[in-house]
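# Results of the structural survey
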Amino acid sequence: MNNPASGNAALAARDLRHVWHPCTQMHDHESVPMVPIVRGEGAWLIDADGRRYLDGISSWWTNLFGHANPRIAAALAEQARTLEHVIFAGFTHEPAIELAEALVRITPPGLDRVFYADNGSAAIEVALKMSFHYWLNQGHGEKTRFIALTGSYHGETLGALSVSDVALYRKTYAPLLLTPFLAPSPDAYEGEPGESPEQTAKRRLGELRTLLERHAHETCAVIVEPLVQCAGGMRMYHPSYLSGLRALCNEFAVHFIADEIAVGFGRTGTLFACEQASATPDFMCLSKGLTGGFLPLSAVLTSERIYQAFYAEYSAGKAFLHSHSYTGNPLACRVALETLAIFRDEPVLQRNRQLAAHLARRLEPLRAHPHVADVRQTGMIAAIELVADKASRRPYPAEERRGLRVYLHGLQHGVLLRPLGNVVYFMPPYVVDASEIDLLVDTAIAGIERAVAS
Ligand SMILES: Cc1ncc(COP(=O)(O)O)c(C=O)c1O
């Protein structure tokens, strides 16, 4: 029997007395349950009353190899007994060195330098500052602007939010932010009727070219989420946009920042999304899956050429100035190494291909649903676009919160789904099996029926 003092209700009540949760109107919890999780096991989360939830979204896209993965947990415990943390200026340690070596080995060729930070947004801040500072060190202090894509999301610290274009997160804080130039997203869903995703990408590259012709002289970098704009609604685009972007950035002397924070580490079918376009960005931001979902850590990879623009006598004042207390934390680096070791030892991408194919087969019938305008998938990310009217693709008004109904249905049926507005999506840990994918899809379909019912 559950002890009521440590059960869901008691923990939720204590939580709501003091804790302020992210991305949440706390008032919602007057009707939406707060779920206290006490344990994780593979793709499952277990609450304080013993109820189980299949984690269909990898706990905000972080988890790759299961909750409380024993192999990663053991590496973490061993590291904790050896060295938990040390200042990372003037001091170093083997986990950080080994991880930098490994990241340089597995990322696209030409990324040879690794700067650590401790979460995704911080990595974006680093990349933006590094790009600006590179141009400054090269005598181009007039380059102070950035180009971002419509519908992009790069985090919620002020710099990262500045280059994001999701109104929900940006609008309120807009007076505090830098203003980027927005290039239209190559999002295939927004393509012209009859246009292929590749044609949409080509047309959007043409528009980016126009923007660069006008603004490259004052622009440091173009920042994109390669292949999938995740928080913006799992909007997907053709890889040729990335190769075209690489060529345009070379032509116009601006940097290409690839934010692989959500899509890196196998999510899109390749280890990194940029591989599908054989494109090496000037900066690649990594986080989330980097530690298999265990600990916050991020890394910004860049080229030797960019590194050398900062390398000078101290008196030249060219050093990159950015630090976080927990930069290069040894526990997180060790956990990241163990995560990479799993990729090395197990046929992860091959297995993911089979799982992704199964997911695709299961989602196929939804295309005919009267309130589904699009079913799209890139590797281990799949999304269903709900609409009020299929013919015109008119979306449900945001205030109807249809996605919340799917979320609540999922909770009642032991599945964690967390739609983004009208987009129901799946981004499960790689350890799910076919029957768990079936459960995700069946629960989502039933949830969608409830969400569109009235
Ligand atoms: C593409 C992308 N960039 C950056 C971030 C920000 O990462 P964090 O939440 O660790 O700050 C996210 C988070 O969802 C993301 O999806």
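Please refer to the structure higher up on the page.
Report on the accompanying structure.

### Notes on the overall build of the chain
A count of helical and extended segments in the chain gives 14 helices and 16 strands. Against the compact-globule benchmark of 22 Å for 454 residues, the chain has a radius of gyration of 22 Å, which places it among compact chains. Considering the chain as a whole, with its 454 residues, one finds that 54% of them fall into the buried category. Of the accessible surface of the chain, which amounts to about 20,000 Å², a share of 56% is contributed by carbon and sulfur atoms. For the chain, the centre of its 41 positive side-chain charges and the centre of its 48 negative side-chain charges are spaced 2 Å apart.

### Overview of the nonpolar core
Burial of nonpolar side chains together is a common tendency in soluble globular proteins. Counting residues in hydrophobic clusters, the biggest one holds 111 residues, and the most contacted among them are Trp61, Met234 and Phe426. With eight residues, helix 11 (residues 330-345) is the largest single contributor of residues to this core. Other than its neighbours up to four places away in sequence, tryptophan 61 contacts Cys230, Ala231, Met234, Ala262, Lys288, Gly289, Leu420, Tyr425 and Met427. Grouped together as the second largest cluster of nonpolar side chains are 26 residues, Ala123, Tyr134, Ile261 and Cys285 included.

### Notes on the site of the ligand
The ligand sits among Trp61, Asn119, Gly120, Ser121, Tyr153, His154, Gly155, Glu225, Asp259, Ile261, Ala262 and Lys288. The side chain of aspartate 259 places a nitrogen or oxygen atom 2.6 Å from a nitrogen atom of the ligand. Protein contact buries 83% of the 390 Å² of open area that the ligand shows by itself. Within the shell around the ligand, the residues separate by chemical class into four nonpolar, five polar and three charged.

### Concerning the environment of histidine 217
Tracing the backbone through its elements, the reader meets histidine 217 in the loop between helix 8 (197-215) and strand 7 (219-224). Spatially, the C-alpha atoms of histidine 217 and tyrosine 241 are 22 Å apart, while their sequence positions differ by 24 residues. Setting aside its immediate chain neighbours within four residues, histidine 217 contacts Glu142 and Lys143. Within the structure, histidine 217 has its side chain in polar contact with the backbone oxygen of arginine 214 (distance 3.4 Å).

### A look at the pairing of strand 3 (residues 52-55)
Sheet topology note: the strand 2 (residues 44-47)/strand 3 ladder contains three bridges and is antiparallel. Paired with tryptophan 44 across the two strands is leucine 54, which belongs to strand 3. Between strand 2 and the antiparallel strand that follows it, strand 3, lie four residues; glycine 50 among them carries a positive phi value of about 85°. Of the strand pairs in this sheet, strand 3 and strand 15 (residues 415-416) are connected by two bridges, and their pairing is parallel. Residue pairing across strands places aspartate 55 opposite leucine 416, the latter belonging to strand 15.

### Topic: the packing of helix 8 against helix 9 (residues 240-252)
Where helix 8 meets helix 9, the axes come as close as 9 Å, and the angle between the chain directions of the two elements is 20°. Classified by the angle between their axes, helix 8 and helix 9 sit roughly parallel to one another. Viewed along their axes, helix 8 and helix 9 form a crossing whose handedness is right-handed. Along the contact surface, helix 8 presents Glu198, Ala201, Arg204, Leu205, Leu208, Arg209, Leu212 and Glu213, while helix 9 presents Ser240, Tyr241, Gly244, Leu245, Leu248, Glu251 and Phe252. Residue composition of the contact of helix 8 with helix 9, grouped by class: eight nonpolar, two polar and five charged.

### Quick notes on a nonpolar patch on the surface
Residues Leu158, Tyr173 and Leu176 make up a contiguous nonpolar surface patch of about 320 Å² in total accessible area. On the secondary structure map, leucine 158 appears in helix 6 (residues 158-162).

### Here's the deal with helix 4 (residues 94-106)
Helix length check: helix 4, at 13 residues, gives a terminal C-alpha distance of 18 Å against a target of 18 Å (1.5 Å per residue), a fit within 8%. Of the positions making up helix 4, those classed as buried are Pro95, Ala96, Leu99, Ala100, Ala102 and Leu103. Buried residues of helix 4 fall within an arc of 165° about the axis and therefore sit on the same side. The exposed set on the far side of helix 4, more than 90 degrees from its buried face, consists of Glu94 and Arg105. Where the residues of helix 4 are buried, they touch helix 3 (70-82), strand 4 (113-117), strand 11 (283-286), strand 12 (298-302) and helix 11.

### Notes on the layout of surface pockets
Empty space within the second largest pocket amounts to approximately 750 Å³. Phe88, Val114, Phe115, Tyr307 and Phe320 are, among the 25 residues lining the second largest pocket, the residues nearest its centre. Secondary structure elements with two or more residues in the lining of the second largest pocket: helix 4, strand 4, strand 12 and helix 10 (304-308). When residues of the lining of the second largest pocket are assigned to their parent elements, the largest contribution, four residues, is made by strand 4. Across the lining of the second largest pocket, the residue classes break down as 16 nonpolar, seven polar and two charged.

### Considering the side chain of serine 298
Here serine 298 lies in strand 12. At 3.4 Å, the side chain of serine 298 and the backbone nitrogen of aspartate 118 are in polar contact. Sequence-distant contacts of serine 298, defined by excluding residues within four places in its chain, comprise Phe115, Tyr116, Ala117, Asp118, Asn119, Gly120, Ala123, Leu286, Ser287 and Leu290.

### Some thoughts on the sheet that holds strand 11
The strand order across the open sheet formed by seven strands is 4-12-11-10-7-5-6, and the pairing between neighbours is mixed. At either end of the open sheet lies a strand with only one pairing partner, and these are strand 4 and strand 6 (181-183). The average angle at which neighbouring strand axes cross in this sheet is 20°, direction not considered. Along the sheet face, helix 9 touches strand 5 (145-149), strand 7 and strand 10 (255-259) and points at about 150° away from the line of strand 10.

### Some remarks on the pattern of salt bridges
It is possible for side chains of opposite charge to pair when their charged atoms get near one another. One pass over the structure, following the stated rule, counts 24 salt bridges. When the shortest N-O distance is used, the salt bridge between arginine 203 and glutamate 192 registers 3.8 Å. Placement of the pair is arginine 203 in helix 8 and glutamate 192 in the loop between strand 6 and helix 8, with a sequence separation of 11 residues. Residue arginine 203 is classed as partly exposed on the basis of its relative accessible area of 24%.

Conventions adopted
- Residues numbered from 1 in each chain as written.
- Predicted model: local features only at pLDDT ≥ 70, side-chain atom pairs only at ≥ 80, totals over all residues.
- Heavy atoms only, no water.
- Helix = DSSP H or I, 4+ residues; strand = E, 2+ residues; numbered from the N terminus.
- Rg over C-alpha atoms; globule rule 2.2 N^0.38 Å.
- Buried < 20%, exposed > 50% of the residue type's maximum accessible area, 1.4 Å probe, protein only.
- Areas by Shrake-Rupley, 256 points an atom, 1.4 Å probe, with all protein chains shown as cover.
- Lys, Arg positive; Asp, Glu negative; His and termini not counted.
- Charge placed at Lys NZ, Arg CZ, Asp CG, Glu CD.
- Core = buried A, V, L, I, M, F, W, Y, C linked by side-chain atoms within 4.5 Å.
- Contact = heavy atoms within 4.5 Å.
- Near = heavy atom within 4 Å.
- Polar contact = N/O pair within 3.5 Å; in protein donor to acceptor, adjacent residues only side chain to side chain.
- Nonpolar A, V, L, I, M, F, W, Y, C, P; charged D, E, K, R; others polar.
- Pairing = 2+ DSSP bridges.
- Axes fitted to C-alpha atoms, helices over the stretch in contact; angles between N-to-C directions.
- Parallel < 35°, antiparallel > 145°, perpendicular 65-115°, else oblique.
- Left-handed = near helix turned anticlockwise from the far one by under 90°.
- Patch = residues over 30% accessible without salt bridge, like charges linked within 9 Å, V, L, I, M, F, W, Y side chains within 5 Å.
- Salt bridge = Lys/Arg side-chain N within 4 Å of Asp/Glu carboxyl O.
- Expected span 1.5 Å × (residues − 1).
- Arc of directions from axis to C-beta.
- 1 Å grid on protein atoms, 1.4 Å probe; cavity = no way out; pocket = protein on both sides within 12 Å on 5 of 7 lines; lining within 4 Å.
- Points joined across faces, edges and corners; volume = space filled by probe spheres on them.

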